[in-house]
Amino acid sequence: MLIAGNWKMHTTPTEAARLARGVAEAAATSAVRVAVCPPYVCLETVARVLQGSDVALGAQDVHAEDEGAYTGEVSAAMLQDVGCHYVILGHSERRQYYGETDASVNAKLGQARRHGLVPILCVGETLEQRQARQAEAVVRDQMAAALDAHELDDADGLVIAYEPVWAIGTGESATPEQAQEMHAMIRQELQSRYGRALGDGVHLLYGGSMKPHNAAELLGQPDINGGLIGSASLEAESFAAIAAAGAEVVR
Ligand code: PGA
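Residues numbered from 1 in each chain as written. Predicted model: local features only at pLDDT ≥ 70, side-chain atom pairs only at ≥ 80, totals over all residues. Heavy atoms only, no water.

Thoughts on the pairing of strand S5 (residues 118–123)
Extensive coverage of S5 is indicated by the burial of 6 of its 6 residues. Where burial is concerned, the two faces of S5 agree: the one with Val118, Ile120 and Cys122 and the one with Pro119, Leu121 and Val123 are both buried. Pairing of strand S4 (residues 86–89) with S5, which is carried by 4 bridges, proceeds in the parallel orientation. In the strand pairing of S5, Val87 is matched with Pro119. As judged from the 4 bridges shared by S5 and strand S6 (residues 159–162), these two strands associate in the parallel manner. Note that in S6 the partner of Val123 across the bridge is Tyr162. (Buried < 20%, exposed > 50% of the residue type's maximum accessible area, 1.4 Å probe, protein only. Helix = DSSP H or I, 4+ residues; strand = E, 2+ residues; numbered from the N terminus. Pairing = 2+ DSSP bridges.)

Here it is as structure tokens:
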């Protein structure tokens, strides 16, 4: 079970240090793997705070090239050097506001893996797509495009987060049944792409308004192996409560 916090564009380095300390204290004793993904400028500070704890560090995006004249961008080598283990890729906010495409996600995924970072690949449909009964096809296509030409030899080298766009930041989570149904489809896709053992081993996270009150039910589904948490990860107590719900499930 992996519980990862996506802090998005929240926290100054000072605030991030405080939050990371809270997470390290509250969540690190839990039986689940815990990770936080702060903004770039907070990574170094948070890495220092997390030193010696079991909480892993992740970034929210990465550039597809090694280095070069790409003003404002951050490379995989930089993330690796600052202590990141994970990197979120293809988050719907990046797809929606920053022109992230399936092709750029594919390139970034390769780049992340070449530098030893574990991608948390985000997929998910919009409300219109769900209402048009296209949700599964959309998610299947996003996965196929992102994973095309990428081999996997270790299930720990990839994490997939199913995040229905209509559930992100809205307070309206997918039902456990809706989430499980999609996760089962994602699991099947992984099995047919990488074989049964690897497909079974990849962590599938649910994201979209996961909170302390609904975490147990969501995390209790057979193909849900964790959560990608936005707003509820900005307070150590609520984030730790979700991690505790996960720990109950794996107990
Ligand atoms: P939320 O965000 O928990 O605030 O809905 C989840 C995400 O975008 O990763």
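We are not done yet, so read on.
What to know about the packing of helix H1 (residues 13–27) against helix H2 (residues 43–50)
Following both chains from N to C, one finds H1 and H2 inclined at 30°, their axes separated by 9 Å at the closest point. In terms of orientation, H1 and H2 fall into the roughly parallel class. Crossing angle aside, the handedness with which H1 passes H2 is right-handed. In this structure, H1 uses Pro13, Ala16, Ala17, Ala20, Arg21 and Ala24 to contact H2, whose residues at the interface are Thr45, Val46, Val49 and Leu50. Grouping the amino acids of the contact of H1 with H2 by side-chain chemistry returns 8 nonpolar, 1 polar and 1 charged. (Axes fitted to C-alpha atoms, helices over the stretch in contact; angles between N-to-C directions. Parallel < 35°, antiparallel > 145°, perpendicular 65-115°, else oblique. Left-handed = near helix turned anticlockwise from the far one by under 90°. Contact = heavy atoms within 4.5 Å. Nonpolar A, V, L, I, M, F, W, Y, C, P; charged D, E, K, R; others polar.)

Overview of the layout of surface pockets
By volume, the largest pocket amounts to about 490 Å³. As for the largest pocket, its lining consists of 16 residues, and the residues nearest its centre are Lys8, Met9, Gln60, Arg94 and Tyr98. Looking at the lining of the largest pocket residue by residue, the class counts come to 7 nonpolar, 4 polar and 5 charged. Counted as a void, the second largest pocket has a volume near 210 Å³. (1 Å grid on protein atoms, 1.4 Å probe; cavity = no way out; pocket = protein on both sides within 12 Å on 5 of 7 lines; lining within 4 Å. Points joined across faces, edges and corners; volume = space filled by probe spheres on them.)

Considerations on the side chain of Asn214
Residue position: Asn214 is located in helix H10 (residues 212–219). Polar contacts involving the side chain of Asn214 include one to the main-chain amide nitrogen of Lys211, which spans 2.7 Å. Look past the residues within four positions of Asn214 in its chain and what remains in contact with it is Ser173 and Ser209. (Polar contact = N/O pair within 3.5 Å; in protein donor to acceptor, adjacent residues only side chain to side chain.)

What about the sheet that holds strand S2 (residues 33–37)?
Read around the closed barrel, 8 strands run S1-S2-S3-S4-S5-S6-S7-S8, paired in parallel fashion. Strand-to-strand, the axes of this sheet are offset by a mean angle of 25°, without reference to chain direction. By the bridge criterion, 2 bridges tie strand S3 (residues 56–59) to S4 in an arrangement that is parallel. Within S4, the position partnered with Gly58 by the bridge is Tyr86. Sheet strands touched by H2: S2 and S3. Its angle to S3, the strand with the most contacts, is close to 170°.

A closer look at the nonpolar core
If you look at soluble globular proteins, the nonpolar side chains tend to sit buried side by side. Formed by 70 residues in total, the largest nonpolar core has its most connected members in Ile160, Ile186 and Leu190. Sort the elements by how many residues they give to this core and helix H11 (residues 236–250) lands first, with 7 residues. Within the second largest apolar cluster, 14 residues are counted, among which are Leu2, Ala4, Cys37 and Leu205. (Core = buried A, V, L, I, M, F, W, Y, C linked by side-chain atoms within 4.5 Å.)

Some words on the site of the ligand
Taken together, 13 residues sit near the ligand, with Lys8, His91, Glu163, Gly169 and Ser209 positioned nearest. Contact distances for the ligand include 2.9 Å between an oxygen atom and a backbone N or O atom of Ser231. For the ligand, whose free accessible area comes to 290 Å², the fraction covered by protein is 98%. The site holding the ligand turns out to be the second largest pocket. Here the residues of the shell around the ligand sort into 4 nonpolar, 7 polar and 2 charged. (Near = heavy atom within 4 Å. Areas by Shrake-Rupley, 256 points an atom, 1.4 Å probe, with all protein chains shown as cover. Sits in = over half its atoms within 2 Å of the grid points.)

Regarding the pattern of salt bridges
Using the criterion set out here, one finds 12 salt bridges in the structure. Across the pair Arg95 and Asp102 runs a salt bridge, and its minimum N-O distance is 2.9 Å. Salt-bridge contacts for Glu100 lead to Lys108; the nearest nitrogen and oxygen are separated by 3.0 Å. You can call Glu100 buried: its relative accessible area is 9%. With a relative accessible area of 10%, Lys108 lands in the buried category. Via salt bridges that share partners, Asp61, Arg94, Glu100 and Lys108 belong to a single interconnected network. (Salt bridge = Lys/Arg side-chain N within 4 Å of Asp/Glu carboxyl O.)

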